[in-house]
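Each chain is listed here by its residues.
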Amino acid sequence: MYKLTGVTKRYTRGKETVEALRGVDLTIEDGDQLVIQGPTGGGKSTLLQMIGGLDRPSEGSVELDGVNLATISEAKLTRLRAEKIGIIFQSFNLIPTLTAQENVETALVPLGVKPAERRERAAEALTSVGLGDRLKHAPSELSGGQQQRVAIARALVKKPKVLLADEPTGNLDEGTRDDIMGLLEGLWHEYGLTFIMVTHDSSIARRAPRLATIKAGQITLTEQGRGNGQFTPQQQYAQHGNQGY
Ligand SMILES: Nc1ncnc2c1ncn2[C@@H]1O[C@H](COP(=O)(O)OP(=O)(O)OP(=O)(O)O)[C@@H](O)[C@H]1O
Ligand SMILES: [Mg+2]
């Protein structure tokens, strides 16, 4: 569970200070899906960076299962990120000189997984996102949608608890966008992930159980219900455990 309390982030450049987040309070239960929307420059990516432990707040605390990401050591934070948090970006961020399989394997290196097991798990993860026949392809030999699938496999191969996505469909055409969203929603359900996503897409935002709107660094929450799913992710998790790749 995430508990953010009074999260403020200031960026200072010379004499100028930008207050990107202003006292954000937010609780996110395990297995929840939260969609974040808002105008450009409002603080969405900054909030995601705080939640992902990629950066630290200027004030306030970001607790994940009782551990404050704002104050733990850099080494512990790096370890926690490697184990628990998968992140997907708009621009895929794949390494161009590595194959799809090698890109996915990079997520397992910091966890000390041996090469043979890395290769096997990366192949399984790529198969589960529909790319079992593209293991040896370089990113430049894949379509945009396929590249994002590789990035999703890389985020999930370590079996994280949390999946963060910053405009994951922002660079994709409409059809591909729906494919990727369907895939992400399916993975969220199947693995009981805590799934937090920034998107400009109103049709996606409308479907989200919880919607956070961020304007000028301040957050407003809207509970929209759980849609027509038969089970909450927590219930699915309780039934099946976090199995799979
Ligand atoms: N590293 C940085 N240094 C200085 N200012 C920054 C930095 N990162 C973000 N900002 C500023 O903080 C504010 C919030 O930025 P952020 O990237 O969180 O917005 P956003 O809501 O994600 O916008 P977009 O929809 O365009 O991605 C902006 O005014 C931005 O200029
Ligand atoms: Mg952003």
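Just so it is clear, the model here is predicted, and its values are computed rather than measured. (Residues numbered from 1 in each chain as written. Chains lettered and ligands numbered in written order. Predicted model: local features only at pLDDT ≥ 70, side-chain atom pairs only at ≥ 80, totals over all residues. Heavy atoms only, no water.)

1. What to know about the overall build of the protein
Of the regular secondary structure elements, the protein holds eight helices and 10 strands. Over its C-alpha atoms the protein spans a radius of gyration of 18 Å, differing by no more than 12% from the 18 Å that the globule rule assigns to 245 residues. For the C-alpha atoms alone, the extent of the protein along its principal axes is close to 50 × 45 × 35 Å. Looking at the protein as a whole, 49% of its 245 residues are labelled buried. Across the protein, every contact between residues at least 6 apart in sequence was considered, and the portion connecting residues at least 24 apart equals 69%. Averaging the positions of the 29 positive and the 29 negative side-chain charges in the protein gives two centres separated by 4 Å. (Helix = DSSP H or I, 4+ residues; strand = E, 2+ residues; numbered from the N terminus. Rg over C-alpha atoms; globule rule 2.2 N^0.38 Å. Buried < 20%, exposed > 50% of the residue type's maximum accessible area, 1.4 Å probe, protein only. Contact = heavy atoms within 4.5 Å. Lys, Arg positive; Asp, Glu negative; His and termini not counted. Charge placed at Lys NZ, Arg CZ, Asp CG, Glu CD.)

2. Here's the deal with the nonpolar core
Counting 41 residues, the largest nonpolar core has Ile88, Val104, Leu126, Val150, Ile152, Leu163 and Leu184 as the members making the most contacts within it. Taken together, the elements giving at least two residues each to this core come down to helix H3 (100–105), helix H4 (115–128), helix H5 (144–156), strand E7 (162–166), helix H6 (174–191), strand E8 (194–198) and helix H7 (202–207). Here this core gets seven residues from one element, more than from any other, and that element is H6. Those residues in contact with leucine 163 that sit more than four places away from it in its chain are Gly86, Ile88, Ala155, Leu156, Leu184, Leu193, Thr194, Phe195 and Ile196. (Core = buried A, V, L, I, M, F, W, Y, C linked by side-chain atoms within 4.5 Å.)

3. Some details on the site of ligand 1
Near ligand 1 there are 13 residues, and of these Thr40, Gly41, Lys44, Ser45 and Thr46 occur at the shortest range. Within the backbone of glycine 41, an N or O atom sits 2.8 Å from an oxygen atom of ligand 1. The contact in question runs from an oxygen atom of ligand 1 to an N or O atom on the side chain of threonine 46, over 2.6 Å. Every element with two or more residues in the shell around ligand 1 is listed here: strand E2 (16–28) and helix H1 (44–51). A per-element tally of the shell around ligand 1 places H1 first, with three residues. Residue classes in the shell around ligand 1 are distributed as four nonpolar, seven polar and two charged. (Near = heavy atom within 4 Å. Polar contact = N/O pair within 3.5 Å; in protein donor to acceptor, adjacent residues only side chain to side chain. Nonpolar A, V, L, I, M, F, W, Y, C, P; charged D, E, K, R; others polar.)

4. Concerning the layout of surface pockets
Considered as a void within the structure, the largest pocket measures approximately 380 Å³ in volume. In this structure, the largest pocket is lined by 16 residues; those nearest its centre are Arg81, Ala82, Ile85, Ile87 and Lys158. Counting residues per element, the ones that place at least two in the lining of the largest pocket are helix H2 (74–84), strand E6 (85–89) and H5. Grouping the amino acids of the lining of the largest pocket by side-chain chemistry returns eight nonpolar, four polar and four charged. (1 Å grid on protein atoms, 1.4 Å probe; cavity = no way out; pocket = protein on both sides within 12 Å on 5 of 7 lines; lining within 4 Å. Points joined across faces, edges and corners; volume = space filled by probe spheres on them.)

5. Things to note about the sheet that holds E2
In spatial order, the strands read E2-E1-E4-E5; together these four strands make up an open sheet with antiparallel pairing. Edge positions in the open sheet fall to E2 and strand E5 (67–68), since each of these has one partner strand only. Where strand E1 (residues 2–13) lies against strand E4 (residues 59–64), five bridges are found, and the strand directions are antiparallel. Its bridge partner being in E4, lysine 3 is matched across the sheet by glutamate 63. Each of E1, E2 and E4 touches H1; the most contacted strand, E1, lies at about 120° to it. (Pairing = 2+ DSSP bridges. Axes fitted to C-alpha atoms, helices over the stretch in contact; angles between N-to-C directions.)

6. Topic: the environment of isoleucine 88
As for its position among the elements, isoleucine 88 is in strand E6. For the pair isoleucine 88 and alanine 165, spaced 77 residues apart in sequence, the C-alpha to C-alpha distance is 4.6 Å. In this structure isoleucine 88 touches Gln148, Ala151, Ile152, Ala155, Leu163, Leu164, Ala165, Asp166, Pro168 and Leu184, once residues within four positions along its chain are discounted.

7. A few points about the environment of asparagine 93
Residue position: asparagine 93 is located in the loop between E6 and H3. Separated by 46 residues in sequence, asparagine 93 and proline 139 place their C-alpha atoms 9.9 Å apart.

8. Overview of the pairing of strand E9 (residues 210–215)
If a strand is regular, its side chains alternate between the two faces of the sheet. Both strand E3 (residues 33–37) and E9 contribute to a ladder of four bridges, which runs parallel. Opposite isoleucine 36, over in E9, you have alanine 212 as the bridge partner. Counting the residues that bridge the hairpin from E9 to strand E10 (residues 218–223) gives two residues, and of these alanine 216 lies at a positive phi of roughly 45°.

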